[in-house]
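Summary of the model geometry
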Amino acid sequence: AGSGRASRAVVRASGGSRGRVTARRARVVTRSVADEDLDAQAEEIFAQIQRLKEDNEKLKTDLSDAALEALRLAQEERDRANNPEPESKTKDMSYLGGASSKDAYLGMELPYLGEGDVRVGFSEYDKMSAARQRDAEARARKGQAAAAGTGVKPRPPPVFEKTEQPMSIVFVSSEVAPWSKTGGLADVCGALPRELVKRGHRVMVVSPYYQTGKKEDTLFQGAFDTCSNKMLECFGGLHEVGYMHQVKDGVDFVFVKHDSYERIGELYGDAEGGYGDNQFRFTLLSHAACEAPLVIDFGEGASANGFTGTYGDDVVFVANDWHAGLVPLLVASKYRPYGTYKNARTIAAIHNILHQGVEPHVTFGNLGVPGEWYSCLEYQFPEHMRAHELDLGLVVNILKGAIATSDRVLTVSEGYAREIITPLGGKGLEAMLETRVHRLDGVVNGIDMDEWNPSADEHIEAPFDVSDLSGKMECKRALQREMGLEVRDDVPLLGFIGRLDWQKGPDLIRDSIADMMNEDVQVIMLGSGLEELEQFMQWAESAYHDKFRGWVGFSVPMAHRITAGCDILLMPSRFEPCGLNQLYAMRYGTLPIAHATGGLNDTVVRHNPYAEDDPDIAVAAAVARDKDPNDRHGIQAEMADLGPGTGWLFNEMNVGSFMYCVSNACKLYHENPRMWRAMQIQAMSQDLSWYHAALKWEKVFEWAKIDPPHCEPVQHEQHWN
């Protein structure tokens, strides 16, 4: 108590005049000191203050358990008075994240003690109030995480019904998963045909027989030679190709065998750029694909689903991107005029309009296309894109030829279909596409629900589904440990997976990194590409070592772990025809922040801050949005807009717009865990499979069969002498 009075004397002395300070200090130290020895008094006073501090620290350490218990009981009484609800009761005074009450006081200011009595009304002090608030929020979050059961049952997989109008469909693609893959094109051509087979269609996929010196080469060992070699005329001569056949999940996978597909390295190029013979390689693929339905005899036991014989010429060709872009042109120019493929239809599928298969116009003679069809391929670059003043900018554009001659054009999202008819999104082909807009469709891709299944994913720490999300929190903690980040449940973990290039927008993350690191977040980036962006990831990890981790390269298991363990996935793509990562993320309860472009705008439902956090409403909204907008009626049309959403979209490609979404998402994560959980439920309750996409593709095929061919064969009259 004496020490307490001395302490108050010192405190009061600090606020008075110099004379009063001197007098009061004199009473504390000694009354025999002369007023003129102020300097000596000051030194003595400072020494006594130091001793008082030491005594105070000792008092903290020696504070009896009884005093602490009195503090705890008094504080509980105060909390009960202010917060009568049971869940708001304070169970302890561990203001430092789970430490004991005694330990919690060490390193903090002791509550005010005066006149020998314990003063219990210390909650008005800012530091104590803030600590108590943080502790309560942490307990609430832990309680929410512990109650991971949502009461929501996973939706059963859709049941396919056999179609009444089965078709023979031939996909032509430069890559197909799992045999060859560089992007989403391979996933589409590997998964969509299997779903169409479930509907009763006969489906063939034609792709090169690659031998690149990688482990994927062994997957081709399951294919056998059909003994249906064919001589193809292009590039000034005849070239022999073979056809290898493998059945998987009811699909006939046919691989074109030629020496040009067998080289060590990547599928399309090396470090110096694309291979110089790519035009030859994929011209050969298009010619071979046109012959495959006619020459490959799938004998009994060799074909899928009991079909035998050749596919014949009553087929629907799906030419994917420029690599297969000559198929519609060849069908129209070399086959239909001679009575073959009269009932066939061709679909030009655009997965990325940026790649168009452009070569100098003098190479037209190599393509094996009749000369009168040159105008379909001719393209002239605008002046600002030409090499020099004498350059006329004339090229052959294979993708343009596909658009001009196919019976219908299809893109991988409705949003992308709208974008490619604009100067910004058309990349020079917007005028041609504008003329085909009445036969231009967009269908969002699905995903492989078996490969991307959080309840049975071999790459992640623990399984989970929409009914129980406790495993997702385990995945988050495991990812934090693996990447060397602090293991915290209360911090939003942000992830990025993708190529480090201009299209995917990682430079926006780079430009926003300072603002992002001011948030209470952790960030993990996975990808490779431009050297400057790889260097940025290395720099950011060094500069923000406690918050940022970068993985330069690509790893499928790591992609799965980031998708499962992160709370938020960043997708700042400048343009995105469809995008698959946001679909994978929502399947795993990871909410995307994406640029409102193309397929991202079609698949990510903006967060609705006015929605209720009811799980039943979230599920109903997900079910309603699975239906086509034209098929929603009554309550379904209303429910589609009442859900909490599945992520955040920003309209402008700048730091301010991007960070606005990041800040709002982090704020919601910290302050409203029930709404966050409702968003996860809506995201995970969507049907992201290929079921709906397959039905829409099938409808496009039917429309193409109903309409007459876009390029009718020229009818020549015969005159008899």
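Attention here is on the structure that accompanies the text. Keep in mind that what you see is a predicted model, and the values were worked out from it rather than measured.

1. Description of the pattern of salt bridges
- Tallied over the full model, the rule gives 30 salt bridges.
- One salt bridge connects Lys 181 with Asp 187, and the closest N-O pair in it is separated by 3.1 Å.
- Given a relative accessible area of 17%, Asp 187 falls into the buried group.
- The salt bridge partner of Arg 194 is Asp 448, with a shortest N-O separation of 3.3 Å.

2. Some thoughts on the sheet that holds strand E15 (residues 394–397)
- With antiparallel pairing, the 3 strands of this open sheet are ordered in space as E13-E15-E14. Each of the sheet's edge strands pairs with one partner strand only, and the pair in question is strand E13 (358–360) and strand E14 (378–380). Going across the sheet, the axis of each strand differs from the next one's by a mean of 45°, ignoring polarity.
- Its contacts with the sheet place helix H11 (residues 398–405) against E14 and E15, and it is angled at close to 60° to E15.

3. Considering the pairing of strand E21 (residues 568–571)
- Of the two faces of E21, the one carrying Ile 568 and Leu 570 and the one carrying Leu 569 and Met 571 are both buried.
- Here strand E18 (residues 493–497) runs beside E21; their pairing, made up of 2 bridges, is parallel. Across the sheet, the residue bridging to Leu 494 is Ile 568, located in E21.
- Strand direction decides the pairing type here: E21 and strand E22 (residues 591–595), joined by 4 bridges, are parallel. Each bridged residue has a counterpart across the sheet, and for Leu 570 the counterpart in E22 is Ile 593.
- Traced from E21 through helix H19 (residues 581–587) to E22, the parallel crossover comes out right-handed.

4. Examining the side chain of Thr 163
- Mapped onto the elements, Thr 163 comes out in the loop between helix H6 (126–146) and strand E3 (168–172).
- Apart from the residues lying within four places of it in its own chain, the contact partners of Thr 163 are Arg 199, His 201 and Glu 698.

5. Here's the deal with the packing of aromatic side chains
- Tallied over the full model, the rule gives 26 aromatic pairs.
- An angle of 80° between the planes, with centres 5.0 Å apart, marks the rings of Phe 220 and Phe 255 as edge-to-face. Here the residue Phe 220 occupies a position in the loop between strand E4 (202–208) and strand E5 (224–225), and Phe 255 occupies one in strand E8 (residues 251–257), the gap between them amounting to 35 residues.
- Assessed through its relative accessible area of 1%, Phe 255 is described here as buried.
- Taking 5.1 Å as the distance between ring centres and 80° as the angle between the ring planes, the aromatic pair formed by Phe 364 and Tyr 374 counts as edge-to-face. Residue Phe 364 is found in the loop between E13 and helix H10 (374–377), and its partner Tyr 374 is found in helix H10; the two are separated by 10 residues along the sequence.
- Taken together through their ring pairs, the aromatic side chains of Trp 179, Tyr 209, Phe 220, Phe 253 and Phe 255 make up a single cluster.
- Directly above the ring of Trp 179 sits Lys 248, whose terminal nitrogen or CZ lies 5.5 Å from the centroid.

Rules and cut-offs
Residues numbered from 1 in each chain as written. Predicted model: local features only at pLDDT ≥ 70, side-chain atom pairs only at ≥ 80, totals over all residues. Heavy atoms only, no water. Salt bridge = Lys/Arg side-chain N within 4 Å of Asp/Glu carboxyl O. Buried < 20%, exposed > 50% of the residue type's maximum accessible area, 1.4 Å probe, protein only. Pairing = 2+ DSSP bridges. Helix = DSSP H or I, 4+ residues; strand = E, 2+ residues; numbered from the N terminus. Axes fitted to C-alpha atoms, helices over the stretch in contact; angles between N-to-C directions. Contact = heavy atoms within 4.5 Å. Right-handed = clockwise from strand over helix to strand, strands pointing away. Phe/Tyr/Trp six-rings, centres within 6.5 Å; stacked < 30°, edge-to-face > 60°. Lys NZ or Arg CZ within 6 Å of the ring centre and 35° of its normal.

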